[in-house]
Amino acid sequence: MDAIKNILSPLGMSTGAIQDTLKLVVIGGTVETARRASVSAWNGFVDSFFLTAHFSQDDYPYDWLMHWLAKQPSWGRSREFEITTRSVNRNGITQSTTGDLDDEQEEDEDNTLVHGRRKRKVAFMPSLDTTHTIYYRGHWLRITRTKRYPDYGHGCSLKISVVARNNDVLKKLVLEAKREYEKDAEHRVHIFLADTTYGCWRWNGARQKRPMSSIVLQPGVKDMLLADCKDFLCSEEWYAERGIPFRRGYLLHGVPGSGKTSLIHSMAGELGLDIYVVSLSSKGMSDNTLTTLMGHVPSRCILLLEDLDAAFTRSISRDATSTGAPTAATSKETAAAAETTDGSTLSLSGLLNSLDGVAAAEGRLLFATTNHIERLDPALSRPGRMDVWVNFTHATKWQAEGIFKCFFPFKPSTVATAPTTPRDASQQNLPLPKRKAFAHAIPILTEEEISELAKRFAEAIPEDELSVASLQGYLLKNKTRPRECVEEVGEWIIQERETREKLKKEKAEREAKEKKEAEEKAKTEKEEKETKEKEEKETKEKLERKERAAKAKKLRADTAAKSDSSAAASTSSTESTPAAVATAVAETDATTTEATLSSSSSEEETSTGVDADTEESVTSEEETEKSEETVKEEGKKEKWVAVKSTTITPATPTLAADPTP
């Protein structure tokens, strides 16, 4: 303290003020520390009595709890809420709370349409980031609903806290919510789609169950498939004892519009299974992504692979003429395909490994559909991957009669006291319809009259010519006119045939036009290619001629330089023999002049031959060859002159030395 006083004394601060400041700092720090310690202790004390459970929107328990909370009276009487018109939650189940706003005048008009859509109902939902209190089984529950990703508008979470010593009350709450949810959702089929971006399954919606009686196939086909699926789902231990992978595959093949997908939807509702759909040609699909998706498939579900024959093609055509095999493409087509590629790198090997590889899921029912079974690889359709094959053909007379009876109900007989035919088991769990009778009600006919109309309708339908989808479309247009439907079916069949012939003719013309355009395009490309090759060949020949001319010119220049040097040497060495020297010089000059003249003429001919026609170029080449021969002869003469000069040079001192004695 004395040291602090000595330091602060020059600054003019008194000792009493310093002491008061230090006391306040110490007291304030002590109080803040005590406050934080007490808050932490209180929170710990409270947390020791509260049990908290967290539920994420990505998992099923969140849906169970939200469905259960929507039925609680206190949830609808929340003091802070948001008003919305969304009457269906993300799982397709009607979600309305006890606090929803109901108009008494609209109670009798539930099915009235306003400009093509139903009247919207106003729902009151508790707001986000607010704590709500609900009394349940002698405990007060504190419920908070928050958003984990506010910027993206999704990713909600639910937090439930309760004062209890154990979590039994939370377990009971979750189980009760699960039972109520399954009870209300048992008449729906949930659809999941493969998300190739994140390699996971994304919920796509819930569809109403379709009764098996609405699917009209050949006799015994539905019963066989249904019995086989039920037997497989109950045989897990049998498969395990024999070491067989617990997987089953069904291949539904046949013409388009024959009811393959509808049968799968109906069987999912009958078996109580969800449908997981994989599009093999979707963007970003790869071997690794498909393997990851197959590994995350639940143990009891239906895995659907639609249009298996078009999995590795990018064509929009699926007719019988196309083979699906890859065709040879030009460099331009390859470059264009690379620019417009969708990023799908799935291979047949990756598909086979994902279906029955080591990492493949077990316990699922695999259904694959295709319109052309002959295009499938034998390794893909073999037993073990596709165990049961079902062929779907065009509608038969028996199917036409059954479809007609499904569309038009008949008046029950008053004589029989009990129904003669058992009710379809798939319709037992369906909710009762709450809608009133349509304004355009279907006339109810007797069973005998409906049977008679159905037989007449079936007799008019040609065998194995029209698809089931086309028959269904015709009956939909005449859903309130059963008698007129039978009377007009002949005209409709004629129109269908004319339409098919017209479409077939247009398709043939289009294909012929495309073929002609392709041939013209190929011919044009061939001509352009030949022209280009010809130009390249001419350019190459010109360059070669230029190179030969340059080499000849260089050779003549070297020869001229050698001749000049040899002439100078012979001149200096033959000063004592003027006659020989003159003769040699004259010969050398003549040779040089001839070489120069031939060189200049060769250069002119070469320059003229580069830009002239073929005859001139040939003449230039012959003259070039002649000039080369002349150069060789000059080289021989130069050698002779050099030898002559060397023989004369030693004789000079001898002649000069004779007069000396």
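This structure is a prediction, so every number in the text was calculated from the model and none was measured. (Residues numbered from 1 in each chain as written. Predicted model: local features only at pLDDT ≥ 70, side-chain atom pairs only at ≥ 80, totals over all residues. Heavy atoms only, no water.)

Could you give an account of the overall build of the protein, with specific residues and numbers?
The secondary structure content of the protein amounts to 20 helices and 17 strands. Going through the 661 residues of the protein one by one, you find that 33% of them count as buried. Contacts in the protein between residues at least 24 apart in sequence constitute 75% of all its contacts with a sequence separation of at least 6. With an accessible surface of roughly 41,800 Å², the protein has 54% of that area assigned to carbon and sulfur atoms. (Helix = DSSP H or I, 4+ residues; strand = E, 2+ residues; numbered from the N terminus. Buried < 20%, exposed > 50% of the residue type's maximum accessible area, 1.4 Å probe, protein only. Contact = heavy atoms within 4.5 Å. Areas by Shrake-Rupley, 256 points an atom, 1.4 Å probe, with all protein chains shown as cover.)

Lay out the packing of aromatic side chains with the relevant residues and their values.
According to the stated counting rule, one finds 13 aromatic pairs in the structure shown. Seen from their ring centres, Trp-68 and Tyr-136 are 5.4 Å apart, and the 85° between their planes marks the pair as edge-to-face. Of the two residues, Trp-68 sits in helix α3 (residues 60-69) while Tyr-136 sits in strand β6 (residues 131-136), which places them 68 residues apart along the sequence. You'll find Trp-68 and Tyr-136 in the same group, each marked buried. Look at Phe-232 and Phe-246: their rings are 4.4 Å apart centre to centre, the planes differ by 20°, and that puts the pair in the stacked class. Separated by 14 residues along the polypeptide, Phe-232 in helix α6 (residues 221-233) and Phe-246 in the loop between α7 (236-241) and β11 (248-254) bring together distant segments of the chain. (Phe/Tyr/Trp six-rings, centres within 6.5 Å; stacked < 30°, edge-to-face > 60°.)

Quick rundown of a nonpolar patch on the surface? Include the residues and the values.
On the surface, Trp-42, Phe-45, Phe-49 and Val-163 cluster together into a nonpolar patch covering about 410 Å² of accessible area. Summarising the element assignment, Trp-42 is placed in helix α2 (residues 15-47). Taking relative accessible area as the criterion, Trp-42 reaches 55% and is therefore assigned exposed. (Patch = residues over 30% accessible without salt bridge, like charges linked within 9 Å, V, L, I, M, F, W, Y side chains within 5 Å. Salt bridge = Lys/Arg side-chain N within 4 Å of Asp/Glu carboxyl O.)

Account for helix α5 (residues 168-185), naming residues and giving values.
Relative to the 26 Å expected for 18 residues at 1.5 Å per residue, α5 spans 26 Å between its end C-alpha atoms, a close match to the ideal helical length. Among all positions of α5, only Val-169, Leu-170, Leu-173, Glu-176, Ala-177, Tyr-181 and Ala-185 are buried. For α5, the angular spread of the buried residues around the axis is 155°, confining them to a single face. Facing away from the buried surface of α5 by more than 90 degrees, the exposed residues are Arg-179 and Lys-183. (Expected span 1.5 Å × (residues − 1). Arc of directions from axis to C-beta.)

Give me the lowdown on a negative patch on the surface, citing residues and values where you can.
A contiguous patch of negative charge, built from Glu-527, Glu-528, Glu-530, Glu-533, Glu-535, Glu-536, Glu-538, Glu-541, Glu-544 and Glu-547, is present on the exposed surface. Looking at the secondary structure, you find Glu-535 in helix α17 (residues 489-573). Relative accessible area serves as the criterion here: at 46%, Glu-535 is assigned to the partly exposed category. (Lys, Arg positive; Asp, Glu negative; His and termini not counted. Charge placed at Lys NZ, Arg CZ, Asp CG, Glu CD.)

Report on the pattern of salt bridges, specifying residues and quantitative values.
Counted under the stated rule, the structure contains 17 salt bridges. In this structure, Glu-236 engages Arg-300 in a salt bridge whose closest nitrogen and oxygen atoms are separated by 3.2 Å. Of this pair, Glu-236 sits in helix α7 while Arg-300 sits in the loop between α9 (287-295) and β13 (302-305), placing them 64 residues apart in sequence. Residue Glu-236 is classed as partly exposed on the basis of its relative accessible area of 44%. A salt bridge links Glu-465 to Arg-497; the nearest nitrogen and oxygen atoms lie 2.9 Å apart. With Glu-465 in the loop between α14 (447-460) and α15 (468-477) and Arg-497 in helix α17, this residue pair connects regions lying 32 residues apart in the sequence. Each of the salt bridges in this network shares a partner with another, and the network as a whole consists of Glu-32, Arg-35 and Arg-36.

So, the environment of Thr-369: which residues are in play, and what are the values?
Of note, Thr-369 is situated in strand β14 (residues 365-370). Placed 61 residues apart in sequence, Thr-369 and Leu-308 show a C-alpha to C-alpha distance of 6.1 Å. With residues near it in sequence (within four places) discarded, Thr-369 still touches Leu-252, Lys-260, Ile-264, Leu-304, Leu-305, Glu-306, Asp-307 and Leu-308.

I'd like a description of the nonpolar core, backed by residues and values.
Residues Leu-225, Leu-263, Met-267, Ile-275, Ile-302, Leu-365 and Phe-367 are the most contacted members of the largest nonpolar core, which totals 30 residues. Counting residues per element, the ones that place at least two in this core are β9 (188-195), α6, β11, α8 (260-271), β12 (275-278), β13, β14 and β15 (388-392). What Ile-302 contacts, discounting residues up to four positions off in sequence, is Ile-264, Met-267, Ala-268, Leu-273, Asp-274, Ile-275, Tyr-276, Leu-365 and Phe-367. Counting residues in each nonpolar core, the second largest holds 27 residues, with Leu-290, Leu-293, Val-297 and Leu-376 among its members. (Core = buried A, V, L, I, M, F, W, Y, C linked by side-chain atoms within 4.5 Å.)

How would you explain the packing of α3 against α5 if you had to name every residue and give the values?
α5 packs onto α3 with a crossing angle of 85° between their chain directions and a minimal axis gap of 8 Å. Taken together, α3 and α5 sit at an angle that is classed as roughly perpendicular. On α5, the residues that touch Asp-63, Trp-64, Leu-65, His-67 and Trp-68 of α3 are Leu-173, Val-174, Glu-176, Ala-177, Lys-178, Glu-180, Tyr-181 and Asp-184. Here the contact of α3 with α5 is built from residues that sort into seven nonpolar, one polar and five charged. (Axes fitted to C-alpha atoms, helices over the stretch in contact; angles between N-to-C directions. Parallel < 35°, antiparallel > 145°, perpendicular 65-115°, else oblique. Nonpolar A, V, L, I, M, F, W, Y, C, P; charged D, E, K, R; others polar.)

Break down the pairing of strand β10 (residues 200-208) for me, with residues and values.
Bridge count for β9 against β10 is eight bridges, and the pairing is antiparallel. Looking at β10, one finds that Asp-195 is bridged to Cys-200. Connecting the antiparallel pair β9 and β10 is a turn made up of four residues, with Gly-199 showing a positive phi of about 65°. (Pairing = 2+ DSSP bridges.)

On their own, these measurements won't tell you what the molecule is for.
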